[in-house]
Amino acid sequence: MGILDYRKHKADCQRKQHERATKISNLPGAYSWPLTPQERTILGKPIQDLVQDVQKNVTNPIDVLRTYGKVTLKAHEKTNCATEVLFPEAEQWVTEECNLKGPLAGIPVSLKDSIQVKGFDISVGFSTHTGKPYAEDGPMVRLLKDAGAVPFVKTNLPTTLLSFESTNDVWGRCKNPHNPDYSPGGSTGGESALLAFGGSRIGIGSDVAGSVRVPAHFSGCYSIRCSTGRWPKVGMNTAMPGQEAIPSVFSPMARTLNDLTYFTRSLIQCKPWNYDYTVHPLEWRQSVEDEYRDKKVLRIGVLRNDGVVDPSPACARALALVADALRAEGHQVFDVSPPSPYEALQLASHLLLSDGGQTFMSFFRTGEWNDLGAAVMVKYMKLPRFVKKLHYWWVKYVRRDEIWAGLIKDWHPKSAYEYWQLAGKREAYKARFYDWWDEQGKGEQAMDVMLVPPNATPAVPHGGMHDAVSSCGYTFLFNLLDYSAGVIPVTHVDPVKDALSPTFNFKKLNGIAQGAYKHYDAVRMAGLPVGVQVVGRRLQEEKVLAIMERCEDALDRHGGRYELLEVD
């Protein structure tokens, strides 16, 4: 049975890759022609301008689709970012199904592979899910088409959706558009690679521990992790169906901040609660967006260290650039020390893997490759408990590493009783964090947002999650809290400015930090993007997006805005 299962796995992977290659080779010739001056003009326009051009019949939506299709093919050739190529179907949808009077008229939108599109699989990188195309669009795709948007490509991810890399046997390895030796991020890595390259302006991904924010940070694009209930989630596949302890949320990503804000606002104005029962009937609050776009003095807390892994020099520098730019604008910028982020990392990790990884492992076939980080977590789960107890004692009392010992303690599948106890601690932590935020000030003195590194380091090299899998606290914290959190790219790694200090002592780091810093090398990482996370409270997407804009405007005047990759 094992041999037959393995052969079926290999055959299904080869079939899907052959389907993709054949689809690309059979595209109309227009997709392979060089970009024209008119197409370069299309690429340079924000989406609200493209919408107006389409609605006024100035620009043919097929031309917009083919323009971005051309660049997508270039991006895919360089990064292996695409899974399902929808171009021919999209051309038909433009004329037959997409509402070209809607607020997203004619805008191509790329989708994480896990989103349901009629006529296509949702493999999520597992070969067992291939050859099972869906008969109908999911709610997200129906909503997009009704708004006038055109789904045109699906993008790469890791099988478990629990990695900051995006590799699987079905579609292969996705690469960072800035440096092919590094990951574009995960689990929405195909999206970030495509957006950063310029093959799309708008994409949709999902986030359970940082999966739209870390890719934006690794690849150099924009994203916002919406709170649960603000964005549709029905009609998507996941590697862990039924896991609700730390809910995965689908959220938007974009090439520019202007596009991210316009798209988020437009889709919520289309009343997604009429398409998906999980969405709160909460209108877009334009007054809130306007208030924080115009507020004279913002009060911004800066989390410079989570007490688990110090931000690398590159990430600390990016954080300082934004904080200093805002301070130069006259805003109140101050350091904060919230309730233990380490405690949040412990709780979130044990809750997310409370089934021991059994659910996502059930989808693997014999010989199917697993993400190296996810594989480490599952392998440790399966060790006999007495072995783990001995290891825990050794880490705590011999290595004297309280941080690492505290994370691996009780690393086993949870009983219902244990799960309920963890859920209770989660709610107590969320209440404590809520009270702490209130304590930072009231009324005009309230803390508006926090600035936080999106990760301790820039992008990891391929395979790096084997070591860095536990270093995810800077994003995971806000999944546990269910806060709105966006990422803006700020700078690039500088081989001199971002080098480790000569006094840096790797051996003195805790086990989590050692995993993160094992691959930090400013010379090899030179040119990789570095971002900053802007965090609001639950359901504060309008505020967060407005203040992300204030951050970028401040950078414009004090240090310089991030430079996007130019489209070849």
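As recorded by an unreviewed UniProt entry, the chain carries the name amidase and is attributed to Epicoccum nigrum. Recorded in UniProt for the chain, the comment headed Catalytic activity (unreviewed entry) runs: "a monocarboxylic acid amide + H2O = a monocarboxylate + NH4(+)". Recorded in UniProt for the chain, the comment headed Sequence similarities (unreviewed entry) runs: "Belongs to the amidase family."

(A) Up close: the sheet that holds strand β6 (residues 202–207). If you trace the 11 strands from one edge of the open sheet to the other, you get β1-β3-β2-β6-β8-β7-β12-β13-β11-β9-β10, paired in mixed fashion. Since the sheet does not close on itself, it has two edges, and those belong to β1 (82–85) and β10 (332–335), each with one partner. The average undirected angle you get between the axes of adjacent strands in this sheet is 30 degrees. In the packing of helix α5 (residues 87–96) onto the sheet, contacts are made with β1 and β3 (150–155), and the angle to β3 comes to roughly 160 degrees. Along the sheet, helix α9 (residues 257–269) makes contact with β2 (108–112), β6, β7 (222–225) and β8 (249–254), crossing β8 at roughly 140 degrees.

(B) Looking closely at the pattern of salt bridges. Tallying each qualifying case throughout the model produces 44 salt bridges. With its nearest N and O atoms 2.4 Å apart, the salt bridge here joins Arg293 to Glu289. With Arg293 and Glu289 both in helix α10 (residues 286–294) and 4 residues apart, the pair spans about one turn of that helix. Residue classification places Glu289 among the buried residues on the basis of a relative accessible area of 0%. The partner of Lys518 in a salt bridge is Asp467, and the shortest N-O contact between them spans 3.4 Å. Of the two residues, Lys518 is situated in the loop between α20 (511–517) and β13 (529–535) and Asp467 in helix α18 (residues 465–468); the sequence distance between them amounts to 51 residues. By relative accessible area, Asp467 is classed as partly exposed at 21%. Within the structure, one salt-bridge network assembled from shared partners comprises Asp5, Lys8, Asp12, Arg15, Lys16, Glu19, Glu84, Asp121 and Arg365.

(C) Layout of empty space enclosed by the protein. Taken as a whole and judged by the stated rule, the model has 1 cavity of 30 Å³ or more. If you add up the space inside the largest cavity, you get close to 30 Å³. What lines the largest cavity is simply Asp306, Val308, Val309, Leu345, Ser470, Ser471, Cys472, Gly473, Tyr474 and Ile512. Within the lining of the largest cavity, the residues separate by chemical class into 6 nonpolar, 3 polar and 1 charged.

(D) Broad picture of the nonpolar core. Residues Ile204, Phe263, Met450 and Leu451 are the most contacted members of the largest nonpolar core, which totals 169 residues. Composition of this core by domain shows at least three residues from each of domain 1 (3–340 + 443–558) and domain 2 (342–421). Leave out the neighbours within four places in its chain, and Leu451 touches Ile300, Gly301, Val302, Leu303, Leu319, Val322, Ala323, Leu326, Val532, Gln533, Val534 and Cys551.

(E) Fine view of the domain arrangement of the chain. Per the domain assignment, the segments of the chain are domain 1 (3–340 + 443–558) and domain 2 (342–421). Each of domain 1 and domain 2 has a C-alpha centre, and the two are 28 Å apart. Taken together, the contact between domain 1 and domain 2 spans 44 residues of the former and 32 residues of the latter. Surface buried jointly by domain 1 and domain 2 totals about 3300 Å² across both partners, of which 69% is contributed by carbon and sulfur atoms. Summed over the shared surface of domain 1 and domain 2, the number is 2 salt bridges. Where domain 1 packs against domain 2, one counts 10 residue pairs in polar contact (both at pLDDT 80 or more). Mapped by element, the contributors of at least two residues to the side of domain 1 that touches domain 2 are α1 (2–25), β4 (167–168), α18, α19 (473–481) and α20. Take the side of domain 1 that touches domain 2: its biggest share by element is 5 residues, from α1.

(F) Main features of helix α15 (residues 385–398). Between its first and last C-alpha, α15 extends 19 Å over 14 residues, near the 20 Å set by a 1.5 Å rise per residue. If you follow the buried residues of α15, they end up packed against α14 (372–382) and α16 (402–408). Looking one or two residues past α15, Arg400 carries a phi angle of roughly 55 degrees, positive in sign.

About the thresholds
- Throughout, residues of each chain are indexed from 1 in the direction in which the sequence is written.
- Two thresholds apply to this predicted model, a pLDDT of at least 70 for residue-level local features and 80 or more for giving and counting side-chain atom pairs, whereas whole-chain, interface and lining totals are computed over all residues.
- Hydrogens are left out, water is left out, and the side-chain values use all remaining heavy atoms of the structure.
- UniProt positions are given in the numbering used here, feature names are shortened, and annotations may be inferred rather than shown by experiment.
- At least two bridges found by DSSP between two strands are what make those strands a pair.
- Secondary structure is summarised from DSSP: a helix means a run of H or I of at least four residues, a strand means a run of E of at least two, and numbering begins at the N terminus for each.
- The convention used is that axes are lines fitted to C-alpha atoms, helices contributing only their stretch in contact, and that angles between N-to-C directions extend from 0 to 180 degrees.
- Contacts are assigned to residue pairs that have any heavy atoms within 4.5 Å of one another.
- Salt bridge, as used here, is a side-chain nitrogen of Lys or Arg placed within 4 Å of a carboxyl oxygen of Asp or Glu.
- The buried label applies to any residue whose accessible area, calculated with a 1.4 Å probe on protein chains only, is under 20% of its type's maximum; exposed applies above 50%, and partly exposed to all values in between.
- Think of a 1 Å grid over the protein atoms and nothing else: a 1.4 Å probe that fits but is trapped marks a cavity, an open set flanked by protein within 12 Å on at least five of seven lines marks a pocket, and residues with an atom within 4 Å of a point count as lining.
- Grid points are joined across faces, edges and corners, and a volume is the space filled by probe spheres set on the points.
- For this classification, the nonpolar set comprises Ala, Val, Leu, Ile, Met, Phe, Trp, Tyr, Cys and Pro, the charged set comprises Asp, Glu, Lys and Arg, and every other residue, Gly included, is treated as polar.
- Residues enter a nonpolar core if they are buried and are Ala, Val, Leu, Ile, Met, Phe, Trp, Tyr or Cys, with the set joined through side-chain atoms within 4.5 Å.
- An automatic or database domain assignment provides the domain bounds reported here.
- In short, buried area is how much 1.4 Å probe accessible area vanishes from two parts on joining, totalled over both.
- We call two N or O atoms a polar contact when they sit within 3.5 Å, provided that within protein one can donate a hydrogen and the other can accept it, with sequence-adjacent residues counted only if both atoms are side-chain atoms.
- By this rule the span expected of a helix is its residue count minus one, scaled by 1.5 Å.

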